[in-house]
Amino acid sequence: MNHQKRQTDKNELGNLKIMKKLRAKIIVTATLVLCLALTGLGTAYATKMFGLKDQIMGDKSQITILVPVENGTFVETLIPSDTISLQGYAESKEYQAASEWNTFLDQNLTRLVSKVGNGPTGLEEKYAGYSVYTQEMADKLEAVTAKYGLKLHTSIRHFYDEKELSQVAGKDIFLGETNKVEGGYIYDDGTFRYDGGARLSNGISFAYQLGYCRKGVFDAVYLNIGNANDYKEWSYKTTGGVVVTLAVGPHSSLVIANLDKAFVTINVLPEISADFEPQTGYKISEADLETFADSIDFSKLD
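All figures in this text were calculated on a predicted structure; none of them were measured in a lab.

Participant: Explain the overall build of the protein to me, please; I cannot follow it from the model alone.
Facilitator: A tally of regular secondary structure across the protein gives 6 helices and 12 strands. Residues counted as buried form 55% of the 302 residues belonging to the protein. In the protein, once contacts between residues fewer than 6 apart in sequence are set aside, the share between residues at least 24 apart is 66%.

Here is the structure:
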């Protein structure tokens, strides 16, 4: 058993291919936002303003990111970071359950893991999606999900391309020709995540990670996003007619869709190409982010 998985769960959104390419040190950032800001290319449709502050869980922490420098190399830099939930907005039961579980782990994890060794505990299979090491953790997890009326993940399978994702998720193809799926995983309840790459018509290329979190299900992935105040957020109606939230930050950008049946978070990583190689000298523009959002049919994800 690897007790370092707790930190990995908090810092990563999806599959491992991007992490392997960059030696597991790219800090994947995510944002759950909904705002009323107007831009020249987007229109606000919300009636209540939500932003990153509505998703923050706990106090700031220190994280290490890789900042691109010359010759396609990266330098480690320590920055303060806000941690957010990927399950929904702060008023949702999914967010509240994730926040309570996160607080419990922050307060008790060191004590709990000190009581177990590195061998199997017998809890891994039943709680495969939650890094549960002791019966006390299992009891707390069950109590939290019961309190908020949520279901637990019970099984997981992997997929390796868009066609297979469509089959295992039971959904029509929702990606345009500019996108590709490199691999990911899906739980029995329909929650899934994958690594992907996008090439826009103007030649722009970048990697991204898409997370689809079913409502009514307890999910325990949390993300460090850096400083929430560093993101520019606005609402945008895609060509498919679905209102999403877009956010541009210093090292990544986000596309967020609060659908009827799921909460979707997409981390756009402009410092990594669609081939999962480091790239420098490009920061995604607002227009590029809107073009990318238009390449996904969110109506087929609901």
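Participant: I keep staring at the nonpolar core and nothing clicks. Help me out?
Facilitator: One recurring pattern in soluble globular proteins: nonpolar side chains tend to sit buried together. Counting 36 residues, the largest nonpolar core has F192, Y194, I266, F292 and F298 as its most contacted members. Dropping the residues within four chain positions of it, F292 is found in contact with N179, A198, L200, F206, Y208, V255, I266 and V268. Formed by 25 residues, the second largest nonpolar core is a distinct cluster that contains A97, Y133, L150 and F218.

Participant: What is the right way to look at the pairing of strand 5 (residues 179-187) in this model?
Facilitator: If a strand is regular, its side chains alternate between the two faces of the sheet. Counted residue by residue, strand 5 has 7 buried out of 9 residues, so it is predominantly covered. The pairing of strand 4 (residues 156-159) with strand 5 spans 4 bridges and is antiparallel. Bridge pairing links I156 to Y187 in strand 5. Bridge count for strand 5 against strand 6 (residues 192-199) is 7 bridges, and the pairing is antiparallel. Bridge pairing links N179 to A198 in strand 6. Linking strand 5 back to strand 6 in an antiparallel pair, the connection comprises 4 residues, with G190 at a positive phi of about 105 degrees.

Participant: So what exactly am I meant to see when it comes to the side chain of D189 here?
Facilitator: Along the polypeptide, D189 turns up in the loop between strand 5 and strand 6. As a buried residue without a salt bridge, D189 has its nearest oppositely charged side chain in R214, at a separation of 6.2 Å. Here T191 takes part through its side chain, which lies 2.9 Å from a polar atom of the side chain of D189. If near-sequence neighbours (up to four positions away) are discounted, D189 is found in contact with L152, H153, R214 and V217.

Participant: How should I be thinking about the confidence of the model for the protein in this particular structure?
Facilitator: A low pLDDT score tells you not to read the predicted coordinates there in detail. Residues with a pLDDT of 70 or more make up 80% of the protein, whose mean pLDDT is 79. Low pLDDT, under 50, characterises residues 1-48; the stretch is placed with 178 contacts to residues that sit more than four places away or in other chains.

Participant: Help me understand the sheet that holds strand 11 (residues 253-258), please; the structure alone is not making it clear to me.
Facilitator: Note: strands within a sheet are paired through backbone hydrogen bonds, in either parallel or antiparallel orientation. On the basis of which strands lie adjacent, the open sheet formed by 8 strands has the order 4-5-6-7-12-11-10-9 and antiparallel pairing. Looking along the sheet, the strands with just one partner apiece sit at the ends: strand 4 and strand 9 (232-237). The sheet shows a mean angle of 15 degrees between the axes of neighbouring strands, taken without regard to direction. As judged from the 8 bridges shared by strand 7 (residues 205-214) and strand 12 (residues 262-269), these two strands associate in the antiparallel manner. For A207, the partnering residue across the bridge sits in strand 12 and is L269. Here helix 5 (residues 162-169) sits on the sheet and contacts strand 4, strand 5 and strand 6; the angle it forms with strand 4, its principal contact strand, is near 150 degrees.

Quick notes on the rules
- Residues numbered from 1 in each chain as written.
- Predicted model: local features only at pLDDT ≥ 70, side-chain atom pairs only at ≥ 80, totals over all residues.
- Heavy atoms only, no water.
- Helix = DSSP H or I, 4+ residues; strand = E, 2+ residues; numbered from the N terminus.
- Buried < 20%, exposed > 50% of the residue type's maximum accessible area, 1.4 Å probe, protein only.
- Contact = heavy atoms within 4.5 Å.
- Core = buried A, V, L, I, M, F, W, Y, C linked by side-chain atoms within 4.5 Å.
- Pairing = 2+ DSSP bridges.
- Lys, Arg positive; Asp, Glu negative; His and termini not counted.
- Salt bridge = Lys/Arg side-chain N within 4 Å of Asp/Glu carboxyl O.
- Polar contact = N/O pair within 3.5 Å; in protein donor to acceptor, adjacent residues only side chain to side chain.
- pLDDT = per-residue confidence, 0-100.
- Axes fitted to C-alpha atoms, helices over the stretch in contact; angles between N-to-C directions.

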